[in-house]
Amino acid sequence: MKKFIGNNLKYIVLILFAIFAVAPILVMWMAALKSSSEIFKDPFALPTVIHWENLAKAWTFGRFNKYLLNTFIVTLPTVSFVVSLSCMAGYAFGKLKFAGSKLFFYIFLLGLMVPFQAFMIPLYYTVRNLGLFGTYWAMILPETALGLSFGIFLMRAFFRGLPNELMDAARVDGCNEFNVFLKIMLPLTGPAVSTLVVFQFMWTWNSFLIPLLLLHEESLRPIALGLMFYSGHHRTDYGLVAAGVTLASLPVMIIFIIFQRHFIRGLTAGVIKG
Amino acid sequence: MVRKILHSSSDLASVRKWIQRNKIGYLFILPALLLYAIFFIYPFANAIYLSLTDWNGVDLQKTFVGLNNYIRMVKDKLMWLALSRNAIWVIIGTVVPIAIALILSVLLGGRKTKGRSFFRTVYFMPVVLSLVVVGIIWGWVYNPVFGMLNRVLEVIGLGSLSRGWLGDPKLAIYMVLIAAIWSYLGFCVVILLAGLQNVKVELYDAAKCDGANSWQQLIHVTIPQLYHVLTMIGVYSMINGFHVFDIVFVMTRGGPANSTEVIATYTYKQGFQLNSLGYGSALGMVLAVLSLIVSYIFLKFRERSEV
């Protein structure tokens, strides 16, 4: 026995931490299919009878259908804005020469260092004075602005790595500056853009404090915020809370499993270049 | 008038040339800059100003009070308590996940390790969850009635330790921190694993020849080679330790008895619940300054090590 442990200590440690990572999630997902009394009896037990009604109730009465739709309505434009604006600005910082480019780039980097809480109070009034309260834009525009720092940082690094000869050749062929960007450089950005899409998607999907401050109407709430209020209302109906957590976590988990290559490559690329 | 002056000094041509040379670059950054200016630069500048005023958010008049908010802050016991919670978060929340991730990634990075990408995927799973989800899940783990932690303690014969983990003011901050580390660990593993790909294999062979055991290899070969990556995630974790908000807000709202109050939740409370917007902004400035100092030290370090 001792020898077995000695030889396999590595795998024992790895497996223990794997259990540590997934057990809390699995227990929650299982609880979504249980009745409250079953949850009380033994959190680790498999459900004896599968209670789909928890999920159905969360979906309709809990309004998770609405929250999920809201999340898409907010996430899709945010991700597209961040990606397109970061590509343009990243290209300018990486490949074009203009006065003050370094200064502007540092100004954009500031957004990575200054915490959101440091300016959330005035931001609230800025958004209010622009008349954005009560619309999805109250979240989309600030969320985009705050995503730009990372996006520009990433795209600048990527564009810098592309050879200048490509652009020069296109210019010699009479391409104007916009077409050099659109037709020559942009098609090469696939790997960096997919990383940015995946991360910005995850951040916007999970965003909590921004909608807490800026989206007040219940009917506009995205999923993370909806889940927080919902779990407050159903504090004692544990099956329903677990169902809510499941509906909020399952989509992003599925997307991670499908696109994990991009998640991991995005982080990895940053390190190897770093 | 302006045109005349420019004409007369024949500067117009050079101005035109300057515009021509820089126009494209500015056009490309303009849309991003516009949004960024409205939703980041302007509010941030405003926050600096607000921190020098007394404002309840309703009155049209903001009273300029100079440094009074900052003086009040120095005397505010709750501020110091919150800052000490951030200090715990910065230190433990940086050292513990990186140390564990270092061990896991060294184990995973071994040449003969099976299932590397499986483990990597599993470790990363908590990272993609919203902190609201993480907070609710761990609220359950710590639940005094049916919580998993108490059950596990009972099974291994430590049932006497079981309690309502989040209700204990001495323990609550560490309990929330464990939940945060759980959701962050996989990120560190993926980063360090990537860093390990750059470590030169020959160095291990050389170390083995010299009779170094695994521990000595870790200390003398792996860690120095990972220096860059380790400082990078170290700084990232420290900045996160100042910024922490979501998970505390979801799990404890700063309670019990303010024992988990961090600067960010305290800022929120002052700004949006007690309507003390000037003071709230001043608290936010503390966070901004601390984060900028850490980032600056990091950049300096990096410059020096690159020379």
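On a predicted model such as this, the values are computed, not experimentally measured, just so you know.

Thresholds, definitions, all that
Residues numbered from 1 in each chain as written. Chains lettered and ligands numbered in written order. Predicted model: local features only at pLDDT ≥ 70, side-chain atom pairs only at ≥ 80, totals over all residues. Helix = DSSP H or I, 4+ residues; strand = E, 2+ residues; numbered from the N terminus. Rg over C-alpha atoms; globule rule 2.2 N^0.38 Å. Buried ≥ 20, exposed ≤ 12 C-beta atoms within 10 Å, placed from the backbone. Contact = placed C-beta atoms within 7 Å. pLDDT = per-residue confidence, 0-100. Nonpolar A, V, L, I, M, F, W, Y, C, P; charged D, E, K, R; others polar. Arc of directions from axis to C-beta. Axes fitted to C-alpha atoms, helices over the stretch in contact; angles between N-to-C directions. Left-handed = near helix turned anticlockwise from the far one by under 90°. Core = buried A, V, L, I, M, F, W, Y, C linked by C-beta atoms within 7 Å.

**So, the overall build of chain A**
Part 1 of the argument: The secondary structure content of chain A amounts to 13 helices and zero strands.
Part 2 of the argument: Element order for chain A, N to C, with α for helix and β for strand: α-α-α-α-α-α-α-α-α-α-α-α-α.
Part 3 of the argument: Here the C-alpha atoms of chain A give a radius of gyration of 23 Å, more than 25% beyond the 19 Å that 2.2 N^0.38 yields for 274 residues.
Part 4 of the argument: The proportion of buried residues among the 274 residues of chain A is 45%.
Part 5 of the argument: Considering only residue pairs separated by 6 or more positions, chain A has 75% of its internal contacts joining residues 24 or more positions apart.

**Here we look at the overall build of chain B**
Part 1 of the argument: The secondary structure content of chain B amounts to 14 helices and two strands.
Part 2 of the argument: In terms of overall dimensions, chain B is more spread out than a globule: its C-alpha atoms have a radius of gyration of 26 Å, far above the 19 Å expected for 307 residues.
Part 3 of the argument: Expressed along its principal axes, the backbone C-alpha trace of chain B runs to roughly 85 × 55 × 30 Å.
Part 4 of the argument: Relative to its 307 residues, chain B shows a buried fraction of 41%.
Part 5 of the argument: Of all intrachain contacts in chain B linking residues separated by at least 6 positions in sequence, the fraction that spans at least 24 positions is 70%.

**Examining the confidence of the model for chain B**
Parts of the model with low pLDDT should not have their predicted coordinates read in detail.
Part 1 of the argument: For chain B, the mean per-residue pLDDT works out to 87, and 96% of the residues sit at or above 70.
Part 2 of the argument: Across the interface, the model reports ipTM at 0.89; the global pTM reads 0.88.

**Here we look at the interface of chain A and chain B**
Interface size, as often reported, equals the accessible area lost upon joining of the parts.
Part 1 of the argument: If you look at the interface, chain A gives 69 residues, while chain B gives 73 residues.
Part 2 of the argument: The element best represented in the side of chain A that touches chain B is helix H13 (residues 238-273) of chain A, accounting for 14 residues.
Part 3 of the argument: When its residues are assigned to classes, the side of chain A that touches chain B shows 54 nonpolar, 12 polar and three charged.

**Some details on helix H3 (residues 53-60) of chain A**
Residues and elements named next belong to chain A.
Part 1 of the argument: When H3 is considered as a whole, its buried residues turn out to be Asn54, Leu55 and Ala58. Taken end-on, H3 shows its buried residues confined to a sector of 95°, consistent with a single buried face. Opposite its buried face, H3 presents the exposed residues Ala56 and Thr60, each directed more than 90 degrees away.

**Looking at the packing of helix H5 (residues 101-113) of chain A against helix H2 (residues 12-50) of chain B**
Part 1 of the argument: Where H5(A) contacts H2(B), the axes come no closer than 11 Å and their chain directions differ by 35°. Handedness of the H5(A)/H2(B) crossing: left-handed. Between H5(A) and H2(B), the residues in contact are Ser101(A), Phe104(A), Phe108(A) and Gly111(A) and Gly25(B), Ile29(B), Tyr36(B) and Phe40(B), respectively.
Part 2 of the argument: Split into classes, the residues belonging to the contact of H5(A) with H2(B) amount to five nonpolar, three polar and no charged.

**A short note on unusual backbone geometry**
Peptide bonds are mostly trans, and most non-glycine residues show a negative phi.
Part 1 of the argument: The phi torsion at Arg63(A) lies on the positive side, around 65°, for a residue other than glycine.
Part 2 of the argument: Tracing the chain through its elements places Arg63(A) in the loop between H3 and helix H4 (64-95).
Part 3 of the argument: Given 18 C-beta atoms within 10 Å, Arg63(A) falls into the partly exposed group.
Part 4 of the argument: One non-glycine residue with positive phi stands out, namely Asn258(B), at about 60°.
Part 5 of the argument: Position of Asn258(B) among the secondary structure elements: in the loop between helix H12 (246-251) and helix H13 (263-273).

**Examining the nonpolar core**
Part 1 of the argument: Judged by nonpolar contacts, the single largest core of 171 residues is most densely connected at Ile137(B), Val176(B), Cys188(B) and Ile247(B).
Part 2 of the argument: The element best represented in this core is helix H8 (residues 172-196) of chain B, accounting for 18 residues.
Part 3 of the argument: Beyond its immediate sequence surroundings of up to four residues, Ile137(B) is in contact with Pro24(A), Ile25(A), Met28(A) and Val245(A).

**Some remarks on the environment of Phe61(A)**
Part 1 of the argument: By the secondary structure assignment, Phe61(A) is in the loop between H3 and H4.
Part 2 of the argument: Between the C-alpha atoms of Phe61(A) and Leu9(A), which are 52 residues apart in sequence, the distance is 49 Å.

**Some details on the environment of Leu149(B)**
Residue and element names in this part refer to chain B.
Part 1 of the argument: Checked against the element boundaries, Leu149 lands in helix H7 (residues 148-155).
Part 2 of the argument: Separated by 31 residues in the primary sequence, Leu149 and Ala180 place their C-alpha atoms 16 Å from one another.
Part 3 of the argument: Ignoring any residue separated from it by four or fewer positions in sequence, one finds Leu149 in contact with Val141, Tyr142 and Trp165.

**Points about the environment of Val244(B)**
Residues and elements named next belong to chain B.
Part 1 of the argument: Tracing the sequence through the fold places Val244 in the loop between helix H11 (227-243) and H12.
Part 2 of the argument: Sequence-wise, Val244 and Thr53 are 191 residues apart; in three dimensions their C-alpha atoms are separated by 26 Å.
Part 3 of the argument: Among residues more than four places away in sequence, those in contact with Val244 are Trp89, Ala180, Val262 and Ala264.

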